[in-house]
Amino acid sequence: MPGNDAIGADDTFAARLLAWFDRCGRHDLPWQHPRTPYRVWLSEIMLQQTQVRVVVPYFERFVAALQDVGALARAPLDEVLALWSGLGYYARARNLHAAARRCVEQHGGQLPRDLDALVALPGIGRSTAGAILAQAWGDRFPIMDGNVKRVLARWHGIGGWPGTPAIEKRLWTIAAAQLPDRRMADYTQAQMDFGATLCTRYDPACIVCPVHDGCVALREGRVAELPTPKPGKPLPERSALVLLARRGDGRVLLQRRPPTGVWASLWSLPEAPGHELARDWFARHLVGDYDAGEPLVPIAHGFTHYRLQLQPLQWREVAPHARVADNDDLRWVARAELATLGIPAPIRKLLDTMLPEGSP
DNA sequence: AAGACGGGGAA
DNA sequence: TTCCCAGTCTT
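Residues numbered from 1 in each chain as written. Chains lettered and ligands numbered in written order. Predicted model: local features only at pLDDT ≥ 70, side-chain atom pairs only at ≥ 80, totals over all residues. Heavy atoms only, no water.

Where an unreviewed UniProt entry is consulted, chain A appears under the name Adenine DNA glycosylase, with the organism given as Cognatiluteimonas sedimenti. Taken verbatim from the UniProt record of chain A, the Sequence similarities (unreviewed entry) comment is "Belongs to the Nth/MutY family." Listed in UniProt under the heading Catalytic activity (unreviewed entry), the comment for chain A reads: "Hydrolyzes free adenine bases from 7,8-dihydro-8-oxoguanine:adenine mismatched double-stranded DNA, leaving an apurinic site." (UniProt positions renumbered as here; feature names shortened; annotations may be inferred.)

Listed below in structure tokens is the structure:
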């Protein structure tokens, strides 16, 4: 008579999740075919705080342009930022680029198969390192993203915001204890698919859940209230003027943003906190009448940590100041060049509106 | 421990 | 509108 484990002990959380994954999981994501370390890495970085639907087209475009670690390392940062333009969290792109260059210098042009070496690379934390090793190599490391936190908080009935260090530590311990002995790549993907499609934040499908048996939140009627949401606080507001200076030939003046802060190193419109400073900047860089600037429809843009209101002012025909030439931080850009630059999403939208396709 | 860092989609 | 999401880095 075989013992319990001979039957497969297929009652564990991991075994049930894997069986569900075989039937209902996502097996056609672009980074799964082929599932190379580089493609897994890129997908994991893009997927940080960003949903699959949004990532897929960016991923396809990125790997088509830069096919491996070496190509990424050789590419100029501006090209990487252009490929990232619209995804947000641009530090991810800068870190990705820097990490690729370090891989060339220190790891023979490949991603290291080592947790600590991966975590030492910029942009890779413990969760992403685990996800890379598990998916690319099948190594036994847990991950800890929003999906896993939600699933574990419910299944074990753990209250309190999962971002709390003490709770997060407890979740890591639980996640490590629940790892299967094999099929780590599938298990890692299964957790994310499960959290994203079934054990969702709102209206989870407990009725068809493969692990509803044993779920503490379900048994205690606490599914809707777990995980405990992050304590909220009011967002500060900030406003600024942005200058849309156009030349007779249709080119527009763009300025590279500072290397730190929001939209770091991206190309954007010149920005000033108010008219006084905007007028000064205008006088130093342009020939024309500041007061002739036309106010355009304001742009409202929400960030995680504050709300930004941008008031665009447009000049249809100004000339560059004689002393001001194009340089690394200031450029007159033709419409056709916009696609090749890293530009914040709301600014790109404004430019697309004001400089319609086919215009000079 | 808390704040910084983007953008899109869902409720 | 508000909240959330395949986190990580800096202070």
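What follows continues from the structure just given.
Draft legend 1. Summary view of the overall build of chain A. A tally of helices and strands in chain A yields 14 helices and 10 strands. On the principal axes, the C-alpha backbone points of chain A span a range of 90 × 50 × 35 Å. Burial statistics for chain A: of 360 residues in total, 48% are counted as buried. When contacts within chain A are restricted to residue pairs at least 6 apart in sequence, long-range pairs at least 24 apart make up 65% of them. (Helix = DSSP H or I, 4+ residues; strand = E, 2+ residues; numbered from the N terminus. Buried < 20%, exposed > 50% of the residue type's maximum accessible area, 1.4 Å probe, protein only. Contact = heavy atoms within 4.5 Å.)

Draft legend 2. Seen up close, the nonpolar core. Ranked by size, the top nonpolar core spans 62 residues in total, and within it W41, F62, W84 and L254 carry the most contacts. Element by element, the count of residues in this core is highest for helix α2 (residues 37-46), at 6 residues. Each of two domains, domain 1 (25-141) and domain 3 (237-354), supplies a minimum of three residues to this core. Contact partners of L254, with chain neighbours within four places excluded, come to W267, S268, L269, D329, L330, R331, V333, L338, L341, I343 and L351. Core analysis: the next-biggest nonpolar cluster, separate from the first, contains 22 residues, L17, W20, F194 and V223 among them. (Core = buried A, V, L, I, M, F, W, Y, C linked by side-chain atoms within 4.5 Å. Domains from an automatic or database assignment.)

Draft legend 3. Highlighting the protein's contact with DNA strand B. Inspection of the region around DNA strand B gives 22 residues, with Y89, Y90, G261, W263 and A345 positioned closest. Backbone atoms, meaning sugar and phosphate, make up 60% of the atoms of DNA strand B lying within 4 Å of the protein. Separating a base oxygen of DNA strand B from a side-chain N or O atom of Y89 is a distance of 2.6 Å. Between DNA strand B and Y90 there is a distance of 2.6 Å, counted from a phosphate oxygen to a backbone nitrogen or oxygen. Each residue belonging to the surface near DNA strand B can be placed in one class, and the counts come to 11 nonpolar, 9 polar and 2 charged. (Near = heavy atom within 4 Å. Polar contact = N/O pair within 3.5 Å; in protein donor to acceptor, adjacent residues only side chain to side chain. Nonpolar A, V, L, I, M, F, W, Y, C, P; charged D, E, K, R; others polar.)

Draft legend 4. Spatial organisation of the packing of aromatic side chains. Under the counting rule described, the total for this entry stands at 10 aromatic pairs. Here the aromatic rings of Y38 and W41 are separated by 6.3 Å at their centres, their planes lie at 70°, and the arrangement is edge-to-face. With a gap of 3 residues between them, Y38 and W41 both fall in helix α2, about one helical turn apart. Taking the relative accessible area as the measure of exposure, W41 reaches 0% and is therefore buried. Ring pairs connect the aromatic residues W263, F303 and Y306, which therefore count as one cluster. The aromatic ring of W172 is capped on one face by R126, whose charged end is 3.7 Å from the ring centroid. (Phe/Tyr/Trp six-rings, centres within 6.5 Å; stacked < 30°, edge-to-face > 60°. Lys NZ or Arg CZ within 6 Å of the ring centre and 35° of its normal.)

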